[in-house]
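Below are the chains, spelled out letter by letter.
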Amino acid sequence: MSDVMEMGVDVPLVKTVFISAPREKVWAYLTEKEYLGRWWQDAAADLKPDSEYTLLDSKGDRLVWGRVVAWEHPAKLVTTFEIGMLQGKETTVTWELAAVPGGTRLRVTHAGIMAEGGPEVPVFGGLDAGWDKHFMTLRELASG
């Protein structure tokens with residue numbers, strides 16, 4: 001991995017989740033305050049095009065924050081993503097929703113984590129495990 005890091009190449013974290021629900025429903029789970037808190041973190045407000053967003057921890061403090069930079073309802077959402085463990089580094093999360101027989105394929109690409117100047121592998125691993133946990137919950141709730 002160090003050779004890649006020395007070249008300044010980003011190593012994105014990519015996840016694909018299949019959800020037994022239509023894209024519109026999955027989109028709602030990604031963008032609406034009511035649903036975000038069920039599978040990820042409570043949101044200060046609904047996500048909206050060209051706006052800032054904040055996700056809150058159990059005490060109501062800012063946990064994740066960023067900006068919505070692309071909004072192609074209901075196919076693609078791109079946000080910046082910051083969290084304390086990234087120590088001020090802004091990363092990007094791209095959410096791509098494709099209609100498939102029986103539901104939606106959600107492909108998530110979290111880029112900029114391991115780019116030059118980024119955190120060490122344990123932070124990458126922590127985010128990787130966190131996404132897995134959250135997506136398991138998203139799949140169960142949205143499919144129900």
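Keep in mind that what you see is a predicted model, and the values were worked out from it rather than measured.

The rules behind these values
- Residues numbered from 1 in each chain as written.
- Predicted model: local features only at pLDDT ≥ 70, side-chain atom pairs only at ≥ 80, totals over all residues.
- Heavy atoms only, no water.
- Helix = DSSP H or I, 4+ residues; strand = E, 2+ residues; numbered from the N terminus.
- Buried < 20%, exposed > 50% of the residue type's maximum accessible area, 1.4 Å probe, protein only.
- Contact = heavy atoms within 4.5 Å.
- Areas by Shrake-Rupley, 256 points an atom, 1.4 Å probe, with all protein chains shown as cover.
- Salt bridge = Lys/Arg side-chain N within 4 Å of Asp/Glu carboxyl O.
- Pairing = 2+ DSSP bridges.

Undergrad: Explain the overall build of the protein residue by residue, including any values.
TA: Along its length, the protein carries 4 helices and 7 strands. When the helices and strands of the protein are read in sequence order from the N terminus, they spell out α-β-α-α-β-β-β-β-β-β-α. For the protein, the residues scored as buried account for 41% of the 144 residues in total. If you take every contact in the protein between residues at least 6 apart in sequence, the share linking residues at least 24 apart comes to 48%. For the protein, the exposed surface amounts to about 7,500 Å²; the carbon and sulfur share of it is 51%.

Undergrad: Can you lay out unusual backbone geometry for me, pointing to particular residues and giving the numbers?
TA: Negative phi is the rule for most residues except glycine; trans is the rule for most peptide bonds. Note the cis peptide between His 73 and Pro 74, where omega equals -5°. Note that Pro 74 resides in the loop between β4 (62-72) and β5 (76-83). In the Ramachandran plot, Asp 50 falls in the positive-phi region, its phi being about 55° despite a non-glycine side chain. Mapped onto the secondary structure, Asp 50 falls in the loop between β2 (42-43) and β3 (52-56). Positive phi, normally seen in glycine, also occurs at Gln 87, with a value near 50°. Inspection of the secondary structure puts Gln 87 in the loop between β5 and β6 (91-100).

Undergrad: Outline the pattern of salt bridges, listing residues and values.
TA: The tally for this structure, following the rule as stated, stands at 5 salt bridges. The partner of Glu 96 in a salt bridge is Arg 107, with the nearest N and O atoms 3.6 Å apart. With Glu 96 in strand β6 and Arg 107 in strand β7 (residues 103-111), this residue pair connects regions lying 11 residues apart in the sequence. Classification of Arg 107 as partly exposed rests on a relative accessible area of 36%. Here the residues in one salt-bridge network are Lys 15, Asp 128 and Asp 132, joined through shared partners.

Undergrad: Would you mind going over the pairing of β3 in detail, with residue names and values included?
TA: Pairing analysis gives 2 bridges linking β2 to β3, with the strands arranged antiparallel. By the bridge assignment, Asp 42 is partnered in β3 with Leu 56. As judged from the 5 bridges shared by β3 and β4, these two strands associate in the antiparallel manner. From the neighbouring strand, Leu 56 faces β4, where its bridge partner is Arg 62. Turn length for the β3-β4 hairpin, with the two strands adjacent in sequence and antiparallel, is 5 residues, and the turn residue Gly 60 shows positive phi of about 90°.

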